[in-house]
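Results of the structural survey
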Amino acid sequence: MAAIGKTRNLIITGIFILLGLLIVLTPWYIFPICEIAEKSGSMQMGTSGDNSMNMNMGSGTHMVCWYTAEAEAGIGALVVLVGLVLFALPNRDSRRSLGVITIGLGVVTVLLPTYFIGMCTSSPDTPCNIGTKPALILLGVLTAITGIYLFLAKGDSPTQPV
Amino acid sequence: MFGLIARSIIHRPVRNGALILAFAFIAASLFSSHYLLAGASDSVKSEIAKLGADIIVVPQDYTADSEAVLLRGEPSTFFFNDSVVPLIRNVSGVQQVEPQIFIATLSASCCSLPVQLIAIDPTQDFTITPWLEANQQKPLGQDEVIVGNKIVPRVGSNLTFYGHTFRIVGKLDPTGTGLDTSIFLRTADAYTMAEESNKTAVKPLVLPKGVASAVLVQVNDAAETTNVSYRIVEQVPGTRVLTSSALVSTVSDQLAGITQILDLSALVATLISLPLIALISLMVVNERRREIGVLRALGATRAMIFRLILGESVIIAAIGGILGIASSWIILILFQGYIAEVTRIPLSMPVISSLGYISALTLIVTVAVGGLAALYPAVRSALIEPYEAIRSGEL
C-alpha cells in the first residue's frame, strides 16, 4: 500500500467531502425519493395519475424512503466531518481511526436503504427503489473502499504530521 | 520481463493512473452501449420465448398500444373481433393459435400502479400452461392467477380487481419487459369479473363477448416466420403482426440515440487519447533513455526493448479496460431499473454468452488502442544505441 503524502492526504480529504455531500444530496436532488420526484414530476409515477403511493407511508406522515433520506443526510454530514478532521489531523493514528469510522459509515450508508429503514415496498419500480437506493449503495461502497484505503495506507510516525 | 514492466508501471503511479482512467473511460463507453443493446434485445427475445409465440397478431389500429403492453407493461385495453382467430388458424404455415384479452386495471390493491391483466383460455393456451407443467403445478383454476415478477404480493395471497378477488398461484421469472407487471387469469374469470364490476367496482369494466386483444401464433417451421407473417397480414384484414425481430428492432431504434452518444464518446476519447498516449509513451522513452541504454548494454536485444515499451502500454490498457468494464457493469446492474424507466425500453442483463462477447470485444479494442499508441515509441526505443543512451544528459 502506498504511503500517504501531503497531496494524497488532501485528495482523500476532498474525496470524503465530495462523497459526504453526494450522500446528503442524492435522495433530495440527484436521484430524488418518491415524494420529491412526485412533487417535481421528474419521474413518471404511472399512467393513472392516482395517488395510491400514499399507502407506502410509514408510521408518520411521510413515505418510508423519506426517513431513509433523512438518516442518510446525517451520515453524509458525518462523512464530510471525517474529511475535515482528516485535513486538520493528518497523522497516522487519526488516519487509521478515521479510516475505521469511514468504513462503518459506508456500511451504514448501504444498510439504511436496504435493511435498517428500507425503501417503499409497494413496487420495485418506484423512484426510490430504482434511483435513490442504487445510488446510495454505490456511494456507500465507495466510502467504505476509501476508508479501507485510509486505514491500510502506510504513513509517517504516529505523532508526526505528514 | 513482466516484473520489469510491473515495476515500471508502479514507479509512475500518477501518470499511469491517468492513462488507466483514460482507457477505462473508452472501455466503459463501448461496453455500456453494447450492453444496453444486448440487454434490450435479450430481454425482448426472452419475453417472446416465454410467451411461446413466433408471431403476435394485434389490431392494426393498436400496434403502438400492443408494443407498449409487451415491451414496457403500460396497461391498455383494446380489442378486435375474435372472428379473426379461425382466419389466422387457416393461414398456411400456422401450427397453433391462442387468443388473449388485455385488460388494464384501475389502481390495484396490490400495487402502486395499474397493472395489465391478460386473460387466457386454458384449453388453447401455450403461454402459461407449459410453465405450469414445468413447475409441476395444476392447470389454472377458477379465480386463480399467475403474476409477473414485479407484482409484489407473494404466491398464496389474494388480489382484488374490479371488486373480484383472485388468488396468486404462481410467479413468473423476471424478463425485464411488460410481462413482469402482467397478471394472467382465465378468460371465463375475466367475464365474471366484468359482470360483477357493475355492482362491485367504482368504474365498471366493459368487456364485450367475442373479442380478443392479441392472437399468439406458433408456426410449423421457425424459418418460415417472416413468410407466415406476410400471409397473415394479407389474408386477415385489420391486423398487424409483431415478431421477435420486429420488437427488437423497435427497441434498438428507441435506444439508437443513447448508443450513438456512447459510441461517439468512445470514438472521441479514442481519437483524443491515441496521440496523447503516444506522446506520453514517447516522453517516457526519452526519460528512460539511460535505463534502456543500460538494459541494452547488459544484453537486452532490440526486440526485448520493443516488447518492454509495448507491453507496458498494453498492460496499462488492459488494466484500464478491465476497470472500465467492471465499473460500468456494476453501475448498469445497479441502475438497470432507472435506465429502463428513463429510456422506456425493456432491459435485463444480457445472457452470459452476449456478456462475454461484449466484454472480450471491448477489452480487445482497448488493448489494441493501447498497443497502437505505443507502437512508434516502442520502435524509437528499440533503435536507441546503448553507448549514446547511457551518455545522454552528461556534459
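The numbers attached to residues start from 1 for each chain and follow its sequence in the written order. Here the convention is simple: chains get letters from A, ligands get numbers from 1, in the order in which they are written. Reporting of local features is limited, given that this is a predicted model, to residues whose pLDDT is at least 70; pairs of side-chain atoms are given and counted only at 80 or more, and all residues count toward the totals for whole chains, interfaces and linings.

**Comments concerning the overall build of chain B**
Within chain B, the secondary structure is distributed over 13 helices and 11 strands. A compact globule built from 395 residues would reach a C-alpha radius of gyration of about 21 Å, whereas chain B, at 30 Å, exceeds it by more than 25%. Summarising its shape, the C-alpha atoms of chain B cover approximately 100 × 45 × 35 Å along the three principal directions. Here chain B, with 395 residues, has 44% of them falling under the buried criterion. Contact definition: two residues whose C-beta atoms, as placed from backbone geometry, lie within 7 Å. Taking contacts inside chain B between residues at least 6 apart in sequence as the whole, the part at least 24 apart equals 82%. Each helix is a run of H or I in the DSSP string that is no shorter than four residues. Each strand is a run of E no shorter than two, and both are numbered from the N terminus. To get the radius of gyration, use the C-alpha atoms; to get the globule rule, take the number of residues to the power 0.38 and multiply by 2.2 Å. Residue burial here comes from a neighbour count, namely the number of other C-beta atoms, placed from the backbone, that lie within 10 Å of the residue's own C-beta, with 20 or more meaning buried, 12 or fewer meaning exposed, and in between meaning partly exposed.

**Description of the overall build of chain A**
Along its length, chain A carries 5 helices and 0 strands. Mapped in sequence order, the helices and strands of chain A form the string α-α-α-α-α. Here chain A, with 162 residues, has 40% of them falling under the buried criterion. When contacts within chain A are restricted to residue pairs at least 6 apart in sequence, those whose partners lie at least 24 apart make up 82%.

**Focus on the domain arrangement of chain B**
Residue and element names in this part refer to chain B. Structurally, chain B comprises domain 1 (2-44 + 250-391) and domain 2 (50-243). In this structure, domain 1 and domain 2 have C-alpha centres spaced 47 Å apart. Contacts between domain 1 and domain 2 engage 9 residues on the former and 7 residues on the latter. Tallied by class, residues from the side of domain 1 that touches domain 2 come to 5 nonpolar, 3 polar and 1 charged. Note that domain bounds follow an automatic or database assignment of domains. Under the convention adopted here, Pro, Cys and the residues Ala, Val, Leu, Ile, Met, Phe, Trp and Tyr are nonpolar, Asp, Glu, Lys and Arg are charged, and Gly plus all remaining residues are polar.

**Overview of the nonpolar core**
Of all hydrophobic cores here, the largest spans 104 residues; its most connected members are Val57(B), Ile88(B) and Val217(B). Of the residues forming this core, the biggest block, 18 residues, is contributed by helix H2 (residues 13-51) of chain B. What Val217(B) contacts, discounting residues up to four positions off in sequence, is Ala53(B), Asp54(B), Ile55(B), Val57(B), Ile88(B), Val94(B) and Val97(B). Joining buried Ala, Val, Leu, Ile, Met, Phe, Trp, Tyr and Cys residues through C-beta atoms within 7 Å gives a set, and that set is a nonpolar core. Among the nonpolar cores identified, the runner-up in size contains 15 residues, and Leu19(A), Ile75(A), Val82(A) and Leu150(A) belong to it.

**Things to note about the pairing of strand S7 (residues 164-171) of chain B**
Residue and element names in this part refer to chain B. Pairing of strand S5 (residues 144-147) with S7 involves 4 bridges; the strand directions are parallel. Bridged to Val147 within S7 is Lys171. By definition, two strands form a pair when at least two bridges between them are found by DSSP. Two strands pair when backbone bridges link them, and strand S6 (residues 158-161) and S7 are joined in this way by 4 bridges, in the antiparallel orientation. Of the residues in S7, the one forming a bridge with Phe161 is His164. Here S6 hands over to S7 after 2 residues, with Tyr162 in that stretch at a positive phi of 50 degrees.

**Quick notes on the pairing of strand S1 (residues 55-59) of chain B**
All names here are of chain B. Across the 5 residues that make up S1, a large majority, 5, are buried. Bridge analysis of S1 against strand S10 (residues 214-219) gives 3 bridges, and the strand direction is antiparallel. Paired with Val57 across the strands is Val215, a residue of S10. Sheet topology note: the S1/strand S11 (residues 239-243) ladder contains 5 bridges and is antiparallel. Bridging across to S11, Ile56 finds its partner in Leu242.

**Some points on the environment of Gly104(A)**
Looking at where Gly104(A) falls in the secondary structure, it is placed in helix H4 (residues 92-116). Sequence separation between Gly104(A) and Ala71(A) is 33 residues, and the spatial gap between their C-alpha atoms is 14 Å.

**Let's talk about the packing of helix H5 (residues 127-152) of chain A against helix H11 (residues 336-343) of chain B**
For every element, the axis is a line fit to its C-alpha atoms; helices are fit only across the contacting stretch, and the angle between N-to-C directions ranges from 0 to 180 degrees. In contact at an axis separation of 8 Å, H5(A) and H11(B) are set at 135 degrees when each is read in the N-to-C sense. Put simply, H5(A) runs oblique to H11(B). Judged by the sense of rotation from one axis to the other, the crossing of H5(A) with H11(B) is left-handed. Residues Asn129(A), Ile130(A), Gly131(A) and Pro134(A) of H5(A) form the contact with H11(B), whose own contacting residues are Gly337(B), Tyr338(B) and Glu341(B). Counted by class, the contact of H5(A) with H11(B) contains 3 nonpolar, 3 polar and 1 charged residues. What sets the label is the angle itself: under 35 degrees gives roughly parallel, over 145 gives roughly antiparallel, 65 to 115 gives roughly perpendicular, and the rest give oblique. Less than a right angle of anticlockwise turn of the near helix away from the far helix marks a crossing as left-handed, whereas a clockwise turn marks it as right-handed.

**Concerning the sheet that holds S10(B)**
Residue and element names in this part refer to chain B. Taken in spatial order, the 9 strands line up as S6-S7-S5-S8-S4-S3-S10-S1-S11 in an open sheet, and their pairing is mixed. Looking at the sheet topology across the chains shown, the edges are occupied by S6 and S11. Each strand of the sheet is rotated relative to its neighbour by a mean of 35 degrees, with strand direction disregarded. Contacts between helix H7 (residues 225-235) and the sheet are confined to S1, strand S3 (94-104), S10 and S11, with S11 contributing the most and set at about 165 degrees to the helix.

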